[in-house]
Amino acid sequence: MALLPILKFPDPRLRHKAVPVAVVNDEIKTIIADMLETMYEDNGIGLAAIQVNIQKQIIVMDISDDKNDPKVIINPEIIDAKGNELMSEGCLSVPGIYAEVPRAQEIQVKCLDREGNSQEFSADGLLGHCIQHEMDHLQGKLFIDYLSPLKRERIRKKLEKVRKQNF
Ligand code: GNR
Ligand code: NI
């Protein structure tokens, strides 16, 4: 097991696109274990492989209060979506920033699980929002892209300042 460094906005590598996983082999299982450890360490409810500089379509999540219900989705596709709702989101790659983001209210997801088996399920509420947030990461998109360019620019300046202070 290993903790992986999380890329922070405006790192251009957060704009890369992930490619599908061909087979869920031992290499992929190691990445999943390391991603879960990293997500729990940083108190996130989700983590996409792009955030740890791995360009593969792998997402880990745990929205449970006790942090004992890990969910892993690989090569996810949204095959149906309905409704629209706003929810306040944060992101481990955009630390300290929170904003309301519009998402579908309920989605139908098709994916592989961590054993490589095909799965289909519906998700709403926090899990639904989290899946949509993580799937955006796999396409190089961040939740702050839904904000106005002015707000995004303010956030970029703030995080650049924090980065320089920590240098
Ligand atoms: O920890 C996280 N919280 C969160 C809250 C609302 C909607 C999405 C999320 S995901 C985020 C972790 C993260 O950055 N995942 O990419
Ligand atoms: Ni995020």
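Residues numbered from 1 in each chain as written. Chains lettered and ligands numbered in written order. Predicted model: local features only at pLDDT ≥ 70, side-chain atom pairs only at ≥ 80, totals over all residues. Heavy atoms only, no water.

K.L.:
What is the right way to look at the coordination of the nickel ion (ligand 2) in this model?
P.N.:
Four donors placed tetrahedrally about a metal ideally form angles of 109.5 degrees, and six donors placed octahedrally ideally form angles of 90 or 180 degrees. The nickel ion (ligand 2) binds to the protein through Cys91 (SG), His133 (NE2) and His137 (NE2), with metal-donor distances spanning 2.1 to 2.3 Å. Mapping the donors of the nickel ion (ligand 2) onto the primary sequence yields the spacing C-x41-H-x3-H. With His133 and His137 both in helix H2 (residues 125–138) and 4 residues apart, the pair spans about one turn of that helix. Since its relative accessible area comes to 7%, His133 is described here as buried. A relative accessible area of 1% means that His137 is categorised as buried. (Donors = N, O, S within 2.8 Å, 3.2 Å for Na, K, Ca; no water. Helix = DSSP H or I, 4+ residues; strand = E, 2+ residues; numbered from the N terminus. Buried < 20%, exposed > 50% of the residue type's maximum accessible area, 1.4 Å probe, protein only.)

K.L.:
Would you mind showing me how to read the site of ligand 1 here?
P.N.:
Ligand 1 sits among Gly44, Ile45, Gly46, Gln51, Ser88, Glu89, Gly90, Cys91, Leu92, His133, Glu134 and His137. Within the backbone of Leu92, a nitrogen or oxygen atom sits 2.8 Å from an oxygen atom of ligand 1. Measuring from an oxygen atom of ligand 1, one finds a side-chain N or O atom of Glu134 at 2.6 Å. For ligand 1, the protein covers 90% of the area, taking 380 Å² as the surface of the free molecule. Its atoms largely coinciding with the cavity grid, ligand 1 occupies the largest pocket. When residues of the shell around ligand 1 are traced back to their parent elements, those giving at least two are strand E4 (85–89) and H2. Among the elements that line the shell around ligand 1, the one with the most residues is H2, at 3 residues. Across the shell around ligand 1, the residue classes break down as 3 nonpolar, 7 polar and 2 charged. (Near = heavy atom within 4 Å. Polar contact = N/O pair within 3.5 Å; in protein donor to acceptor, adjacent residues only side chain to side chain. Areas by Shrake-Rupley, 256 points an atom, 1.4 Å probe, with all protein chains shown as cover. 1 Å grid on protein atoms, 1.4 Å probe; cavity = no way out; pocket = protein on both sides within 12 Å on 5 of 7 lines; lining within 4 Å. Sits in = over half its atoms within 2 Å of the grid points. Nonpolar A, V, L, I, M, F, W, Y, C, P; charged D, E, K, R; others polar.)

K.L.:
Would you explain the sheet that holds strand E1 (residues 46–48) in this entry?
P.N.:
The strands that make up a sheet pair up through hydrogen bonds in the backbone, lying either parallel or antiparallel. Strands sit in the order E1-E2-E3-E6-E7 across an open sheet of 5 strands; the sheet is antiparallel. With partners counted over all chains shown, the strands left at the sheet margins are E1 and strand E7 (118–124), one partner each. Mean inter-strand twist for the sheet, computed between neighbouring axes without regard to direction, equals 40°. Alignment of strand E3 (residues 71–82) against strand E6 (residues 106–112), held across 6 bridges, turns out to be antiparallel. Each bridged residue has a counterpart across the sheet, and for Ile78 the counterpart in E6 is Val109. In this fold helix H1 (residues 26–41) packs onto E1, strand E2 (58–61) and E3, with an angle of close to 40° to the strand it touches most, E2. (Pairing = 2+ DSSP bridges. Axes fitted to C-alpha atoms, helices over the stretch in contact; angles between N-to-C directions. Contact = heavy atoms within 4.5 Å.)

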